Every structure is written in structure tokens, then in C-alpha cells.
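Per-entry structural report
The primary structure of each chain is shown beneath.
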Amino acid sequence: MAGSATQSNATPQVVLSARGLRRDFGGFTAVKNVDLDVHDASVHALIGPNGAGKTTVFNLLTKFLQPSAGTITLMGTDITKTAPDKVARMGLVRSFQISAVFPHMSVLDNVRVALQRPNNLSTQFWRPLSALDELNDRAEQLLAKVGLSKERDAIAADLSYGRKRVLEIATTLALDPRVLLLDEPMAGMGHEDVGVVSALIREVARDRAVLMVEHNLSVVADICQQVTVLQRGEILAEGDYATVSADARVRQAYMGSEEG
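Notes on the structure in this doc start here. (Residues numbered from 1 in each chain as written. Predicted model: local features only at pLDDT ≥ 70, side-chain atom pairs only at ≥ 80, totals over all residues. Heavy atoms only, no water.)

**Remarks on the pairing of strand 3 (residues 42-47)**
- Buried residues dominate strand 3, accounting for six of its six residues.
- Here strand 3 shows no split at all, with S42, H44 and L46 on one side and V43, A45 and I47 on the other all buried.
- Sheet analysis places strand 3 next to strand 8 (residues 209-213), joined by five bridges and oriented parallel. Within strand 8, the position partnered with V43 by the bridge is V210.
- Examined bridge by bridge, strand 3 and strand 9 (residues 226-231) share four bridges and lie parallel to one another. Bridge pairing in strand 9 places A45 opposite V227. (Buried < 20%, exposed > 50% of the residue type's maximum accessible area, 1.4 Å probe, protein only. Helix = DSSP H or I, 4+ residues; strand = E, 2+ residues; numbered from the N terminus. Pairing = 2+ DSSP bridges.)

Here's what the structure looks like:
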């Protein structure tokens, strides 16, 4: 395990925070006493061996699970008991929440549909399809941002797996999230697509926070300013990649796993 993302000297604002986060399932504690701070304009990775509790933490933060104990705040507002749909409207968005990648629609139309909610068009069913034309400029901007302009008229089902994941990120960005949660964004990708999506995530994090679960430690080393390592539902180590990768406990936890 080697390498580290470049860090800024200034500490960005904390936009998502958890304190004493715990989740019990019957007699089993999946997450215990997790404290987490996610900063604006940065990429924060949540890593750990299989069964470490990463997905449970994601589900707690996005309110798909209610914590057994602890608090969660979003931009200073306590969201511990807030419903997941309201949390999404507040700016905390997980990619699958709006999985608006419709396979038989064009790339452009996928993004236009995703733009309906923040533009108050999602419930106006009586409006003609041409009403979406007003979203074209913003949709084109998003496609340019993620590098999909050339595929604007392609049918989503015809895209490669990696490009579909890029389209999913574009539809997520259509909600203009303040905090973007990505669950294993590189899973199943070839080397070329990994490079494209890594660059995209780095660019996206210029003006928002990104928290991601990721098993590709080379990606984590390359783009993440902060890394939290979980083991058996508890935080094992935290810091930049160079710090956590030098920790003997982390090396032990990953023994027999991909080291990137």
C-alpha cells in the first residue's frame, strides 16, 4: 500500500458528520461507536475488509437504516430521525437513490428526466414532453462535465458498463447534491474506465463533498484526501492514505486482500 492524494493546507467545512453511530441487528452489532467527518470539496473513502460494516454505515448516513444510537448532522442540521427522501432533498444523495438510467432512453433524455425534480417538473404530469426542452441547456452542461457529450443521442443500453456508470453519476449530479455518496463506483470496471471515473470524481469534488466505499486501493490512494478504515463495525484507523497504509493494524486487516 503506497501513495497519497495531494492535500490542501486549508481545512474545508465539515458538511456531514456522525457521532457515536451504532446499529444493532438482534444480538449482533454491525456498527459500533463510529465518528465520521466528511469535508466539503474533498473525497473521503470508507474502506475495510468484507464484513467491516461499510454498507451499513452508508445505509445509516442516508437514512435507509435508523441508528440504534448516535447522531448524524448534515450542514449543521440533525438528520438522525429524518426520512431518506427528505435527506436527499436536503442535499445528501446516494447514487442508487435516483438510479435514473433508463436503458431504452437516450443519454440526453436520461439526464433531462433526472433534472425534473430540482426544476419542479417531476409531478407536473399534464405538461407535454416538450416542456423538458427548457432543461436542455443544463443537461448539455452536465453531459459535458462528465464527458458524455459525444454520446448524447446514444441509447443508454448501448453504452459500455463504465459509461453507464458515468451516466449514473451525471443523473445524480442533476439533483445538485452537496454531499455525494458513491458505493463502489469502480466495481466491475476495466482499467481505462477506472481512470475516466477517477478523474470525474476528482472534478466533481471541487465544489461538493464525496464519500465513497471503494475496494480499489490504488484509486483511494490517487484521489482521496481522507480515508476511514473500518473493521468489525468500528473505526480501525483514519487519516490520509499514507498514514493509514503505514498502520500495522490496517496491513493486518487487509492481509490476503488486494492491496492496490
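Right, picking up where we left off after that structure.
**Points about the pairing of strand 4 (residues 69-74)**
- Note: strand 1 (residues 14-25) against strand 4, five bridges, orientation antiparallel. What sits directly across from L16, in strand 4, is L74.
- As judged from the two bridges shared by strand 4 and strand 5 (residues 77-78), these two strands associate in the antiparallel manner. Directly across from T73, in strand 5, lies its bridge partner D78.

**A look at the sheet that holds strand 7 (residues 179-183)**
- Taken together, the six strands give an open sheet; going across it, the order is 6-7-8-3-9-10, and neighbouring strands pair in mixed fashion. Of all the strands in the sheet, the pair left with one neighbour each is strand 6 (92-94) and strand 10 (234-239). Taken pair by pair, the neighbouring strands of this sheet meet at an average axis angle of 20°, ignoring direction.
- Sheet strands in contact with helix 6 (residues 191-204) are strand 3, strand 7 and strand 8, and its direction is about 145° off that of strand 8. (Axes fitted to C-alpha atoms, helices over the stretch in contact; angles between N-to-C directions. Contact = heavy atoms within 4.5 Å.)

**As for the packing of helix 5 (residues 161-173) against helix 6**
- Relative to each other, helix 5 and helix 6 sit at 15°, their axes nearing to 9 Å. Between helix 5 and helix 6, the angle falls in the class roughly parallel. Like other packed secondary-structure pairs, helix 5 and helix 6 cross with a definite hand, here right-handed. Every residue of helix 6 that contacts helix 5 at G162, R163, V166, I169 and L173 is listed here: D193, V196, V197, L200 and V204.
- Of the residues belonging to the contact of helix 5 with helix 6, the class tally is seven nonpolar, one polar and two charged. (Parallel < 35°, antiparallel > 145°, perpendicular 65-115°, else oblique. Left-handed = near helix turned anticlockwise from the far one by under 90°. Nonpolar A, V, L, I, M, F, W, Y, C, P; charged D, E, K, R; others polar.)

Note that all results are geometric; they support no functional claim without further evidence.
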